Amino acid sequence: MSLKGKTAIITGSNSGIGLGVARELAKAGADVVLNSFTDSDEDHKLAADLGAEFGVTARYIKADMSKATECRALVEQAGACDILVNNAGIQHVSAIEDFPIEKWDAIIAINLSSAFHTTAAALPMMRKAGWGRVVNIASAHGLTASPYKSAYVAAKHGIVGFTKVTALETAEDPITANAICPGYVHTPLVEAQIPDTMKKYDMDRETVIREVILDRQPSKQFATVEQLGGTAVFLCSSAAEQITGTTISVDGGWTAL
Ligand code: NAD
């Protein structure tokens, strides 16, 4: 399938799932806008290399997804938005009574509210263009819960609800809105949790991955960023035209348990 002529904005896409999704969309022919809050030389080089590799236009636009005005400015600055992938996300693990207020606020802002702001800015462009795809990267934690991840689970359940509302408000337009719910994917976000978990349980790396991190993932394998990118490309295909307001789990069976 070709996404030639479409512009995709992927929030939080200088690493991990966002970058993987951007790569698959570019491979399918879409022009891509990469984003993060860092604005480093590497960020711009990443976009330039991606554009050269797949023969598409690839730009990097800095915007801090914790700030409403910057979320909206990202879409405005891109100038077009046929495909919006709301991916930026952070995590903090702590019991509710010890959960730092600023961490709660940051997680709700970046993992949930940013999608409201970018979607609000993108829908008029999609309506004008007569085509649009909103793909929200939720999580298995958008459908189930784990202790000590209150803000993350609340934000991810929130984004699943927001996806449904977006789908209903665009149901009669050629626009769809869906959420992808990954289980564990090996990215910097997950890698960062491994050393502490090794210490906490006095386990080696392989045991931590299999017994702790992938404990709830029946396949005992990480999902890959390429698989998530492929799922996003599928949601942009004509086969997915009537798929809207739903979730697609890419979780090795986690939510079947
Ligand atoms: P990651 O840490 O590799 O990537 C997070 C991205 O978000 C980075 O590009 C980072 O620059 C960006 N980001 C963070 N704060 C930002 C801000 N304030 N403004 C703009 N960009 C910001 O993590 P990842 O694992 O690739 O996670 C990406 C998304 O996938 C998140 O929403 C996460 O919740 C979700 N997810 C990840 C997993 C997993 O196992 N890795 C599982 C389910 C869902």
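Residues numbered from 1 in each chain as written. Predicted model: local features only at pLDDT ≥ 70, side-chain atom pairs only at ≥ 80, totals over all residues. Heavy atoms only, no water.

Observations regarding the overall build of the chain
- Within the chain, the secondary structure is distributed over nine helices and seven strands.
- Against the globule reference of 18 Å for 257 residues, the chain gives a C-alpha radius of gyration of 18 Å, in line with a compact fold.
- Structurally, the chain occupies a C-alpha span of about 55 × 40 × 35 Å along its principal axes.
- A total of 257 residues make up the chain; the buried ones form 50% of that total.
- In the chain, once contacts between residues fewer than 6 apart in sequence are set aside, the share between residues at least 24 apart is 72%.
- A total of about 11,700 Å² of accessible surface is found on the chain, and carbon and sulfur atoms cover 54% of it.
- Across the chain, the 22 positively charged side chains and the 29 negatively charged ones have centroids separated by 3 Å. (Helix = DSSP H or I, 4+ residues; strand = E, 2+ residues; numbered from the N terminus. Rg over C-alpha atoms; globule rule 2.2 N^0.38 Å. Buried < 20%, exposed > 50% of the residue type's maximum accessible area, 1.4 Å probe, protein only. Contact = heavy atoms within 4.5 Å. Areas by Shrake-Rupley, 256 points an atom, 1.4 Å probe, with all protein chains shown as cover. Lys, Arg positive; Asp, Glu negative; His and termini not counted. Charge placed at Lys NZ, Arg CZ, Asp CG, Glu CD.)

What about the packing of helix α1 (residues 16–27) against helix α2 (residues 41–54)?
- Orientation of α1 relative to α2, taken along the N-to-C sense of each, is 30 degrees, at an axis distance of 9 Å. By the angle class used here, α1 and α2 are roughly parallel. Here α1 runs over α2; the crossing is right-handed. Counted together, L19, A22, R23, A26 and K27 of α1 and L46, L50, E53 and F54 of α2 form the full contact between these two elements.
- Tallied by class, residues from the contact of α1 with α2 come to six nonpolar, no polar and three charged. (Axes fitted to C-alpha atoms, helices over the stretch in contact; angles between N-to-C directions. Parallel < 35°, antiparallel > 145°, perpendicular 65-115°, else oblique. Left-handed = near helix turned anticlockwise from the far one by under 90°. Nonpolar A, V, L, I, M, F, W, Y, C, P; charged D, E, K, R; others polar.)

Things to note about the environment of I137
- Along the polypeptide, I137 turns up in strand β5 (residues 132–137).
- In this structure I137 comes out as buried when scored by relative accessible area, which is 4%.
- The spacing of I137 and A52 is 85 residues in sequence and 26 Å in space, taken between C-alpha atoms.
- Not counting residues up to four positions away in its chain, the partners in contact with I137 are I17, V85, N86, N87, K156, I180 and P182.

Considerations on the site of the ligand
- Not every one of the 31 residues close to the ligand is listed here, only the nearest: N14, N87, Y152, V185 and T187.
- At a separation of 2.9 Å, an oxygen atom of the ligand approaches a polar side-chain atom of S15.
- Backbone polar atom of M65 to a nitrogen atom of the ligand: 2.8 Å apart, as the coordinates give it.
- Isolated, the ligand exposes 820 Å² of accessible area, and the fraction of that covered by the protein chains is 93%.
- Broken down by secondary-structure element, the contributors of at least two residues to the shell around the ligand are α1, β2 (31–36), α5 (150–169) and α6 (188–191). (Near = heavy atom within 4 Å. Polar contact = N/O pair within 3.5 Å; in protein donor to acceptor, adjacent residues only side chain to side chain.)

Details of α5
- Between its terminal C-alpha atoms α5 stretches 28 Å, which fits the 28 Å expected from 20 residues at 1.5 Å a residue.
- A151, Y152, V153, A155, K156, I159, V160, F162, T163, T166 and A167 are the residues of α5 that are buried.
- Summarising the contacts, the buried residues of α5 are in contact with α4 (101–129), β5, β6 (175–182) and β7 (247–250). (Expected span 1.5 Å × (residues − 1).)

Let's talk about the domain arrangement of the chain
- Segmenting the chain into domains produces domain 1 (7–185 + 224–250) and domain 2 (186–222).
- When each unit is reduced to the centre of its C-alpha atoms, the spacing between domain 1 and domain 2 is 25 Å.
- Taking both sides of the interface into account, the surface hidden between domain 1 and domain 2 amounts to around 930 Å²; carbon and sulfur atoms contribute 54%.
- On the domain 1 side of the contact with domain 2, Q91, Y184 and V185 bury the most area, a combined 55% of that side's loss. (Domains from an automatic or database assignment. Buried area = accessible area lost by both parts, 1.4 Å probe.)

What to know about the environment of L34
- Along the chain, L34 falls in strand β2.
- When residues no more than four places from it in sequence are discounted, the contact partners of L34 are I10, S13, A22, L46, A47, L50, R59, Y60 and I61.

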